[in-house]
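Inside the fold
Below are the chains, spelled out letter by letter.
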Amino acid sequence: MASCAPLSSSIVEYFEGEDFYRCGYCKNESGSRSNGMWAHSMTVQDYQDLIDRGWRRSGKYVYKPVMNQTCCPQYTIRCRPLQFQPSKSHKKVLKKMLKFLANGEISKGNCEDDPMEPTMEDAVAGDVALINKLDIQCDLQRLGDNLKETLEREEKKKGRSAKKEESNELIQSQDKKMKLGSGEPSHSVEVHLVPKPGQGADLSKPPCRKAKEIRKERKRLKLMRQNPAGEREGAPAQQDPLSLFPPKAKSNQPKSLEDFMFESLPENASHKLEVRLVPVSFEDPEFKSSFSQSFSLYVKYQMAIHQDSPDECGKTEFTGFLCSSPLEPETPPGGPDCGYGSFHQQYWLDGKIIAVGVIDILPHCVSSVYLYYDPDYSFLSLGVYSALREIAFIRQLHEKTPQLSYYYMGFYIHSCPKMKYKGHYRPSDLLCPETYVWVPIEQCLPLLETSKYCRFNQDPEAEDEGRSRDPDRLQVFYKKAVMPYGVYKKQQRERGAEAAVLQYARLVGQACSERMLLFRN
């Protein structure tokens, strides 16, 4: 039975078969493969469900890579902002921005090109190496002092010849000490002067020292350098030098992302940064008034960063790619104050736009679409900074809309080194391309090291729970009327159309196939 199309429905036009095109990652001329459809309109819930099945939009074109055939498999990745803690390199970017805003300081280097901080294993190994080096140097110094005392006693008992003999042994021991302390290869230190039983420790065996003792000694030496006359100025003779340090406030909670990002600036700050959220709509006055400046920034970015020609980044390309969205704006009760839909997050520095993050706000996530920025401000690492701002924005939205709690960063491409940076925002998950369940990235990376295409769900019995089970219930939009596919195929009997419809149903899943309207002409 046919009915009129409801105004709130998604209307899509599926393209039969698979598209073969040049890969933007490995530059294979025909290695990239995907399925696609044109979205005339789309609800935010339908798009949420689609990206949870590996789809992604570019303007109004919505596509899904053929994961087991494409040259560079693209796995949907999401970050969990509620558990996110900024890494060392993230903090570096935030501090760099604060210094620039506060006093105009421009840090040298570009954090976006810097490698991420070392893993915990690397950091621990570095600390152990330092402790071992300090142990060797301190123990050899102590060993040399003990040898001197022993030699002085021996010199009194023995004559001048004994003194000379023992001094030669000390010089040899010290030479070996210097080699060992400097990192040169050396045999074990030989010590001939072994005390008699009951007269002290065996000097041939270095005393054991704990790392805690070494740290205390280092602090003690530092304090003595800072205040060498401490005792003469009234400090008690037996006072522990460590007690001179003011006690640090103990806190089990590390500084949050917001603590770093929204640190207060001085009243006479050198620069002012303002982030504005603008709906993608030419009916919105703010979007319309800033369009020209935003477009000029896009052209500058594309030509400088991606080496596009002016013809490749014209107004038509900009509008179709970043200003045309199929998402229908929604402002339901309980939703975020800004509503759902597509937005430009504009970064205004001292009255001009220096970056624009294109995002979709959906029922369960904020999905990052694209970022373009002024190359003159590359020293601020705006790619990293904007991602951190978007994570903080999601945490803010979550306070009113609890189900909105994820940050979708697009596709993670393990075979492309330039795209691996998305995996640095932890904790994060990758979408299994067969069962469409989320798997922590730590479990996925070892699999991706052995094969470009992987099924992350390790349960061999698991299936796609949202798969199409009854294609006849799929909704078709034909001649301004809506009808189930089971009714439509009896009336029209299109040749070869059923295979394409079944492929569409399999890729979008049962729920979307029953809600979205498949346009047929």
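Residues numbered from 1 in each chain as written. Predicted model: local features only at pLDDT ≥ 70, side-chain atom pairs only at ≥ 80, totals over all residues. Heavy atoms only, no water.

**Remarks on helix 7 (residues 285-305)**
- With 21 residues, helix 7 ought to run about 30 Å at 1.5 Å a step, and its terminal C-alpha atoms sit 30 Å apart, in line with that.
- Taken residue by residue, helix 7 has Phe287, Ser290, Phe291, Ser294, Phe295, Leu297, Tyr298, Val299, Tyr301 and Gln302 as its buried positions.
- One side-chain oxygen of the residue at the start of helix 7 lies 3.1 Å from the amide nitrogen of Glu286, identifying that residue as Asp284.
- Gln307, located one to two residues past helix 7, shows a positive phi value of around 55°. (Helix = DSSP H or I, 4+ residues; strand = E, 2+ residues; numbered from the N terminus. Expected span 1.5 Å × (residues − 1). Buried < 20%, exposed > 50% of the residue type's maximum accessible area, 1.4 Å probe, protein only. Polar contact = N/O pair within 3.5 Å; in protein donor to acceptor, adjacent residues only side chain to side chain.)

**Concerning the confidence of the model for the chain**
- With 73% of its residues at a pLDDT of at least 70, the chain reaches an overall mean of 81.
- Between residues 161-196, whose pLDDT stays under 50, and residues either more than four places distant or in other chains, the model counts 36 contacts.
- Note on residues 229-249: pLDDT is under 50 here. Beyond four places in sequence and across chains, it has twelve contacts. (pLDDT = per-residue confidence, 0-100. Contact = heavy atoms within 4.5 Å.)

**A word on the packing of aromatic side chains**
- Evaluation of the coordinates by the stated rule reveals 25 aromatic pairs.
- Ring geometry for Tyr298 against Tyr372: centres 5.6 Å apart, planes inclined by 85°, an arrangement best described as edge-to-face. Taken together, the residues span a long stretch of sequence, with Tyr298 in helix 7 and Tyr372 in strand 10 (residues 365-373) at a distance of 74 residues.
- The interplanar angle of 90° and the centroid separation of 6.0 Å between the aromatic rings of Phe318 and Tyr372 together place this pair among those described as edge-to-face. In this pair, Phe318 is assigned in helix 8 (residues 315-323) and Tyr372 in strand 10, connecting sequence segments 54 residues apart.
- What makes Tyr372 buried here is its relative accessible area of 0%.
- Each member of the aromatic cluster is reached from another via a ring pair, and the members are Phe282, Phe287, Phe291, Phe295, Tyr298, Phe318 and Tyr372.
- Between the NZ or CZ atom of Arg78 and the centre of the ring of Tyr406, over which it lies, the distance is 3.8 Å.
- Over the face of the ring belonging to Trp348 we find Arg276, whose NZ or CZ atom lies 4.1 Å from the ring centre. (Phe/Tyr/Trp six-rings, centres within 6.5 Å; stacked < 30°, edge-to-face > 60°. Lys NZ or Arg CZ within 6 Å of the ring centre and 35° of its normal.)

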